[in-house]
Amino acid sequence: MLPKEEKRKCSTFPLRTGCFPVGLARDWKVSVNEAKETVKRWYNGREEVLRWQEARKKEAQSIGCVHTLLVRARTFPSTKNATPSHRGHIERAAINTPVQGSAADVAMCAMLEISKNARLQ
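What counts and how
Residues numbered from 1 in each chain as written. Predicted model: local features only at pLDDT ≥ 70, side-chain atom pairs only at ≥ 80, totals over all residues. Heavy atoms only, no water. Core = buried A, V, L, I, M, F, W, Y, C linked by side-chain atoms within 4.5 Å. Buried < 20%, exposed > 50% of the residue type's maximum accessible area, 1.4 Å probe, protein only. Helix = DSSP H or I, 4+ residues; strand = E, 2+ residues; numbered from the N terminus. Contact = heavy atoms within 4.5 Å. Axes fitted to C-alpha atoms, helices over the stretch in contact; angles between N-to-C directions. Left-handed = near helix turned anticlockwise from the far one by under 90°. Nonpolar A, V, L, I, M, F, W, Y, C, P; charged D, E, K, R; others polar. Expected span 1.5 Å × (residues − 1). Arc of directions from axis to C-beta. Salt bridge = Lys/Arg side-chain N within 4 Å of Asp/Glu carboxyl O.

Ranked by size, the top nonpolar core spans 9 residues in total: Cys-19, Leu-24, Ala-25, Trp-28, Val-30, Ala-35, Val-39, Trp-42 and Tyr-43. The element best represented in this core is helix H3 (residues 32–43), accounting for 4 residues. Setting aside chain neighbours within four positions, we find Ala-35 in contact with Pro-21, Leu-24, Ala-25 and Val-30. Counting 6 residues, the second largest nonpolar core, distinct from the first, contains Ala-60, Phe-76, Ile-90 and Ala-93.

Rendered as structure tokens:
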């Protein structure tokens, strides 16, 4: 069981990128109810994050893909016949892809600019 302060620090990245209470409970070795409460507290005051995440889930479900900042797409299979476990995986990936994919886009652009600049090479 993680100390309270360590849980708070550890919760930011997984929650931003779509981790669900069951996964947090498993990782932290706590009850699902405690993980649910942590998730609820984390989103309190961060409603815009929750709205953005819900929009990515709907996007993956309705058009079958999500995009990074540079419009790279990640496609997903239909969620209509997916098992709850598979649907959860698709939803987490729909949230995570724009976050980490966009970070990769920014890093790629920086590397390309560095490669063009003789002084930085």
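There's plenty left to go through after this.
On to the packing of helix H2 (residues 21–28) against H3, then. Two elements in contact, H2 and H3, have axes separated by 8 Å at closest approach and are oriented at 115 degrees. Read as a crossing pair, H2 and H3 show a hand that is right-handed. Along the contact surface, H2 presents Pro-21, Val-22, Leu-24, Ala-25 and Trp-28, while H3 presents Val-32, Ala-35, Lys-36, Thr-38 and Val-39. Considered class by class, the residues forming the contact of H2 with H3 number 8 nonpolar, 1 polar and 1 charged.

So, on to H3. Its 12 residues give H3 an end-to-end C-alpha distance of 17 Å, which sits within 8% of 16 Å, the value for a rise of 1.5 Å per residue. For H3, the complete set of buried residues consists of Ala-35, Thr-38, Val-39, Trp-42 and Tyr-43. Buried residues in H3, looked at end-on, bunch into an arc of 125 degrees, giving them a common side. With respect to the buried face of H3, the exposed residues turned more than 90 degrees away are Asn-33, Lys-40 and Arg-41. Looking at the residues trailing H3, positive phi occurs at Gly-45, about 90 degrees.

Should their charged atoms come close, side chains of opposite charge can pair. Tallied over the full model, the rule gives 6 salt bridges. Note that Glu-59 and Arg-56 form a salt bridge whose closest N and O atoms lie 2.7 Å from each other. Placement of both Glu-59 and Arg-56 in helix H4 (residues 47–63) is noted, with a separation of 3 residues, approximately one turn of the helix. On the accessibility criterion, Glu-59 (18% relative accessible area) is buried. The salt bridge partner of Arg-72 is Asp-105, with a shortest N-O separation of 2.6 Å. With Arg-72 in the loop between strand E1 (65–67) and strand E2 (73–75) and Asp-105 in helix H5 (residues 84–116), the pair connects residues that are 33 residues apart, well separated along the chain.

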